[in-house]
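Single-letter residue listing:
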Amino acid sequence: MPKFVYSGTNSLEKIADIITREKAKKVMVFTGKEILKIGICDKVFEVIRECGADYDVISDIRPEPGTVDVEKVLKQLNQSDGELVVAVGGGSVMDMAKLCAAMKGASYTIHQLLEDNSIMENGLPTVMVPTTCGTGSESTFNSIVAVESKQLKVGIVNTNMMADYVILDSSMIAGLPKHIVASTGVDALAHAVECFTSNRANPFSDLVAKEASKLIFENIVKSYHEPGNMEAKTNMLRAAFLAGVAIASSGTTAVHALSYPLGGKYHIPHGISNAILLAPVMRYNMAACEERLAILADTVSPGGIARSNKEKAEEIVKRIEEIVRDTHIPSSLSEYNVGKEDLDQLVASAFEVKRLLNNNRKELTKEDIKNIYLEIL
């Protein structure tokens, strides 16, 4: 887990304490162009200036970044004398910040790291400030990178990328567009449900995955339909963090494995591809995960009428479908120009994501994967 986690009103002010603790004279702020443009970073800049520290900004970070993007941003970071990295953004920004902070001054390249994650060394200290309510990147030691030559997204996993500090300030998501609330929120739900049904699930991951699931089921639709409901948004921010903790302790499964080729080739936003896949994959996994899904149903709706595990499992999958529908996320790939002619390549790419498929309680054959893709076409 991250060493320090700050949450609550005005928790952004803690950046001052962090700068003092790290004795940093210069801060590198990673963010996105749109976030910078609408002023979400202004408070961060103000706190840094009040500390007497200097800062540079790296904002040319596009969604779903690839290896070329990593090389470009890493070059900027290597040319700076920054001593502390502060990431203000969603999953792509935080993933890039964690990865580049760990690689600053490294003798190895991103391509060598993709071949062997274990060669990564510790780098600059990092502060994660999420501006969405779903990726969980602030609480994982993963970084997802698109490998252009393979048209596939690949996860780099190394504990040296675990954030030193996390700041969960709900003011950062106060104006989050509804469609981002929806897609990142269901992404967090996928993290929680997958980790709870993973082969690597354990008592600790179960604890946080159940709490995250409960918070998301209770708050995501409110957050979507009631933009001013800050209690619901605060709960979603907390849930996203907890779901990320579950990933670090357990691990995602076939939903993410099948999602990676969709992001790598078609650049479908990660949260949306996960949302499209979550219910179909869980229904496909039902026989192997029935009891676990039933426990989640009891967690989300305690004290319900006594029912069989099968009925409870079916109910939780149905509720996932309802959330996707109520938040107007696409339920199929029809608007993303994915056709049957793409199936073979998608199946082949997904089947290679063994790191995640091995976590799936039901072993999926290539034919199984093909059938799931057919269902969502």
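Read on for an overview of the structure. (Residues numbered from 1 in each chain as written. Predicted model: local features only at pLDDT ≥ 70, side-chain atom pairs only at ≥ 80, totals over all residues. Heavy atoms only, no water.)

### Remarks on the overall build of the protein chain
- For the protein chain, the helix and strand inventory stands at 16 helices and 8 strands.
- Compactness check: the protein chain gives a C-alpha radius of gyration of 20 Å against a globular reference of 21 Å for 377 residues, within 12% of the reference.
- Dimensions of the protein chain, computed from C-alpha atoms along their principal axes, come out at roughly 60 × 45 × 35 Å.
- The 377 residues of the protein chain split such that 59% are buried.
- When contacts within the protein chain are restricted to residue pairs at least 6 apart in sequence, those whose partners lie at least 24 apart make up 78%. (Helix = DSSP H or I, 4+ residues; strand = E, 2+ residues; numbered from the N terminus. Rg over C-alpha atoms; globule rule 2.2 N^0.38 Å. Buried < 20%, exposed > 50% of the residue type's maximum accessible area, 1.4 Å probe, protein only. Contact = heavy atoms within 4.5 Å.)

### Observations regarding the environment of R238
- Turning to its location among the elements, R238 is positioned in helix α9 (residues 230-249).
- Looking at R238, the relative accessible area reads 40%, which means it is partly exposed.
- With 83 residues separating them along the chain, R238 and G155 place their C-alpha atoms 23 Å apart.
- Setting aside chain neighbours within four positions, we find R238 in contact with E211 and L215.

### Overview of the sheet that holds strand β1 (residues 4-7)
- Spatial strand order, β1-β8-β5-β4-β2-β3: 6 strands in an open sheet with parallel pairing. The sheet is open, and its two borders are formed by β1 and β3 (54-58), each paired with just one other strand. The mean inter-strand angle of the sheet, taken between neighbouring strand axes irrespective of direction, is 20°.
- The pairing of strand β4 (residues 84-89) with strand β5 (residues 126-130) spans 5 bridges and is classified as parallel. (Pairing = 2+ DSSP bridges. Axes fitted to C-alpha atoms, helices over the stretch in contact; angles between N-to-C directions.)

### Brief notes about the environment of R283
- With respect to the helices and strands, the residue R283 is situated in helix α11 (residues 270-284).
- Accessibility expressed as a relative area gives 37% for R283, which makes it partly exposed.
- Sequence separation between R283 and I372 is 89 residues; the distance between their C-alpha atoms is 9.9 Å.
- Every residue in contact with R283, bar those within four places of it in the chain, is listed here: V317, E321 and E375.

### With respect to α9
- End to end, α9 covers 29 Å across 20 residues, agreeing with the expected 28 Å (1.5 Å per residue, within 8%).
- Most of α9 is tucked away: 14 of the 20 residues are buried.
- Between the side-chain oxygen at the start of α9 and the backbone nitrogen of E231 there is a gap of 3.4 Å, and the oxygen is on N229.
- Note on α9: the residue one or two positions beyond its end, G251, has a positive phi of about 140°. (Expected span 1.5 Å × (residues − 1). Polar contact = N/O pair within 3.5 Å; in protein donor to acceptor, adjacent residues only side chain to side chain.)

### Some words on the pairing of strand β2 (residues 26-31)
- Counting buried residues along β2, 6 of its 6 residues qualify, which places the element largely inside the surrounding structure.
- In this sheet, β3 lies alongside β2 in parallel orientation, the contact comprising 5 bridges. Across the sheet, K26 pairs through a bridge with D54, a residue of β3.
- Of the pairings in the sheet, the one linking β2 to β4 comprises 5 bridges and is parallel in character. Pairing of V29 across the sheet is with V86, part of β4.

### So, helix α3 (residues 42-50)
- For α3, the full list of buried residues reads V44, F45, V47 and I48. Across the axial projection of α3, the buried residues extend over an arc of 165°, all falling on one side.
- On its buried side, α3 packs onto α1 (14-22), β2, α2 (33-37), β3 and β4.
- In the stretch just after α3, G52 is the one whose phi turns positive, near 85°. (Arc of directions from axis to C-beta.)

### Describing the state of the cysteines
- Per the stated rule, a full pass over the model turns up 0 disulfides.
- Just so you know, C41 is unpaired, no disulfide at all, and the nearest cysteine sulfur is the one on C51, 16 Å from it.
- No disulfide involves C100; its nearest neighbouring cysteine sulfur is the one of C41, lying 17 Å away. (Disulfide = S-S within 2.5 Å.)

### Description of the side chain of E64
- The topology assignment puts E64 in the loop between β3 and α4 (67-78).
- Given the relative accessible area of 17%, E64 is considered buried.
- Separated by 2.5 Å, the side chains of E64 and K153 make a polar contact.
- In contact with E64, not counting residues within four places along its chain, are S92, A146, K153, I268, P269 and H270.

### Concerning the nonpolar core
- Ranked by internal contacts, the top residues of the largest apolar core, which has 113 residues, are F30, L99, I156, L258, L293, I369 and Y373.
- Ignoring any residue separated from it by four or fewer positions in sequence, one finds I369 in contact with L258, V347, A350, F351, L357 and L364.
- Counting 23 residues, the second-largest nonpolar core is a separate cluster that includes V29, I35, V44 and A53. (Core = buried A, V, L, I, M, F, W, Y, C linked by side-chain atoms within 4.5 Å.)

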